[in-house]
Amino acid sequence: MNSQKVNKKKRKTVSGNSKLVEYVFVLIGSSLVAISFNLFLLPNEVASGGVSGISTILKAITGWEPAYVQWALNIPLFIAGVILLGGSFGIKTLVGTIFLPFVVFLTKDLEPWTMDPLLASLFGCIGVGLGLGITFRGKASTGGTDLAAQIIHKYTGLSLGVCVALIDGLIVIAAAVVFDIEKGLYALIGLYVTSKTIDIVQVGLGRKKMALIITNRQDEVRDGILNKIDRGVTKLSAYGGYTDHERPVLMCVVDQTEFTKLKQLVQSIDPSAFIIVSDASEVLGEGFKRA
């Protein structure tokens, strides 16, 4: 009974520490987005989507402080999301929604690091992508147009990706009209860089290779993978489409650097083996990254 209480207490401690780490991720991520916005995007008028893009455009038209615009849009959108979508976002998203404009306000007097729009769109959106990716790792978001896209998705039936693209596309078009076509093109570059950077933060730079191997000498190939490459292998049940005979498939995941060794091993054992290779962006488990 005492051991059960101890285990329960440990689980609560781990859960509490995990929650704390998630909040730290949200604060760090929001800060990175805000600082990148002030150092690169705002001074170069790169409106690469989102509420920050809207605040950049309104700053040029009206002179309104971007932080105030972001608060004025983020908070009502969060409330609308809670009312219309059921409030599944959690307190962490509310923290990101409020904290990001706060850091934008605190860092508004920072000197820009470059006045080259291309450099600004590249490095600014790398910073934004890093910040958003870290925030997502904290199981939250910075709210804004993401919530608007979810609301549109729910009530129109359009896919979430299409809704996000429509909103960001309208913001980019508005930037091209308010500033010029060139600034709109820089904003498009920024959108692409942001999405790719988020992917890198989410799944990492390391790419693995997944191989499906069809061979008549499966036992020898399996033993070679287990003993010479020191990787696990899984036997999948399959049947030949022409013969309808059972033809098991061996599945193996290896690092990029190990793939050539795997290919040479299989071909040395069975030159007629059929190998299908694909990229695996993230692999979790023993021998690879832990969840």
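Check the entry above for the structure.
Cut-offs applied
- Residues numbered from 1 in each chain as written.
- Predicted model: local features only at pLDDT ≥ 70, side-chain atom pairs only at ≥ 80, totals over all residues.
- Heavy atoms only, no water.
- Helix = DSSP H or I, 4+ residues; strand = E, 2+ residues; numbered from the N terminus.
- Contact = heavy atoms within 4.5 Å.
- Salt bridge = Lys/Arg side-chain N within 4 Å of Asp/Glu carboxyl O.
- Axes fitted to C-alpha atoms, helices over the stretch in contact; angles between N-to-C directions.
- Parallel < 35°, antiparallel > 145°, perpendicular 65-115°, else oblique.
- Left-handed = near helix turned anticlockwise from the far one by under 90°.
- Nonpolar A, V, L, I, M, F, W, Y, C, P; charged D, E, K, R; others polar.
- Expected span 1.5 Å × (residues − 1).
- Buried < 20%, exposed > 50% of the residue type's maximum accessible area, 1.4 Å probe, protein only.
- Pairing = 2+ DSSP bridges.
- Phe/Tyr/Trp six-rings, centres within 6.5 Å; stacked < 30°, edge-to-face > 60°.

Peer 1: I'd like a rundown of unusual backbone geometry, residues and numbers included.
Peer 2: Only a minority of non-glycine residues have a phi that is not negative, and only a minority of peptide bonds are not trans. Non-glycine residue glutamate 45 carries a positive phi angle of around 55°. We note that aspartate 230 has phi near 60°; this positive angle belongs to a residue other than glycine.

Peer 1: So what about the environment of glycine 127? Which residues, and what values?
Peer 2: Of note, glycine 127 is situated in helix α5 (residues 117-137). C-alpha separation for the pair glycine 127 and valine 33, spaced 94 residues apart in sequence, amounts to 6.2 Å. Contact partners of glycine 127, with chain neighbours within four places excluded, come to Leu32, Val33 and Ser36.

Peer 1: So, the pattern of salt bridges: which residues are in play, and what are the values?
Peer 2: Tallied over the entire structure, the rule returns 7 salt bridges. Arginine 231 serves as the salt-bridge partner of aspartate 255, at 3.0 Å between the closest nitrogen and oxygen. Of this pair, aspartate 255 sits in strand β3 (residues 249-255) while arginine 231 sits in the loop between α9 (218-229) and β2 (234-236); the two residues are 24 residues apart in sequence, bridging distant segments of the chain. Between glutamate 258 and arginine 231 there is a salt bridge, with the nearest N and O atoms lying 3.0 Å from each other. One end of the pair, glutamate 258, is in helix α10 (residues 256-269); the other, arginine 231, is in the loop between α9 and β2, with 27 residues separating them in the sequence.

Peer 1: How would you explain the packing of helix α3 (residues 66-85) against helix α6 (residues 145-156) if you had to name every residue and give the values?
Peer 2: Interaxial distance between α3 and α6 falls to 9 Å at its minimum, and their mutual angle equals 30°. Viewed along their axes, α3 and α6 adopt a mutual orientation that is roughly parallel. In terms of crossing hand, the pair formed by α3 and α6 is left-handed. Counting all contacts with α3, which are made through Leu77, Phe78, Ala80, Gly81, Leu84 and Leu85, the residues of α6 involved are Thr145, Leu147, Ala148, Gln150, Ile151, Lys154 and Tyr155. Considered class by class, the residues forming the contact of α3 with α6 number 9 nonpolar, 3 polar and 1 charged.

Peer 1: Any details on α6? Residues and values, ideally.
Peer 2: Under the 1.5 Å per step criterion, the end-to-end length of α6 is 16 Å for 12 residues, consistent within 8% with the ideal 16 Å. Listed as buried for α6 are Thr145, Leu147, Ala148, Ala149 and Ile151. Looking one or two places after α6, you find glycine 157, whose phi comes out positive at around 85°.

Peer 1: So what about the environment of valine 24? Which residues, and what values?
Peer 2: Among the secondary structure elements, valine 24 is positioned in helix α1 (residues 2-41). Once the C-alpha coordinates of valine 24 and lysine 92 are considered, the two residues, 68 residues apart in sequence, prove to be 9.9 Å apart.

Peer 1: If you had to explain the pairing of strand β1 (residues 208-214) to someone new, which residues and values would you point to?
Peer 2: Pairing between β1 and β3: 6 bridges, direction antiparallel. Looking across to β3, one finds that methionine 210 is bridged to valine 253. Bridge count between β1 and strand β4 (residues 274-280): 7 bridges; the pairing is antiparallel. Bridge pairing in β4 places methionine 210 opposite serine 278.

Peer 1: Give a description of the packing of helix α2 (residues 50-62) against α3 that names residues and reports values.
Peer 2: One can describe the packing of α2 onto α3 by two numbers: an axis separation of 9 Å at closest approach and a directional angle of 130°. By the angle between their directions, the pair α2 and α3 is classed as oblique. Our pair here, α2 against α3, has a crossing hand that is right-handed. For the pair α2 and α3, the contacting residues are Val51, Ser52, Ile54, Ser55, Leu58 and Lys59 in the first and Pro66, Val69, Gln70, Leu73 and Asn74 in the second. When its residues are assigned to classes, the contact of α2 with α3 shows 6 nonpolar, 4 polar and 1 charged.

Peer 1: So what's going on with the packing of aromatic side chains? Which residues, and what values?
Peer 2: Scanning the entire structure with this criterion turns up 4 aromatic pairs. Centre to centre, the rings of tyrosine 68 and tryptophan 71 are 6.3 Å apart; their planes meet at 20°, and the pair counts as stacked. Of this pair, tyrosine 68 and tryptophan 71 both sit in helix α3, 3 residues apart, which is roughly one turn of the helix. Among the aromatic residues, ring-to-ring pairing joins Tyr68, Trp71 and Phe105 into one connected group.

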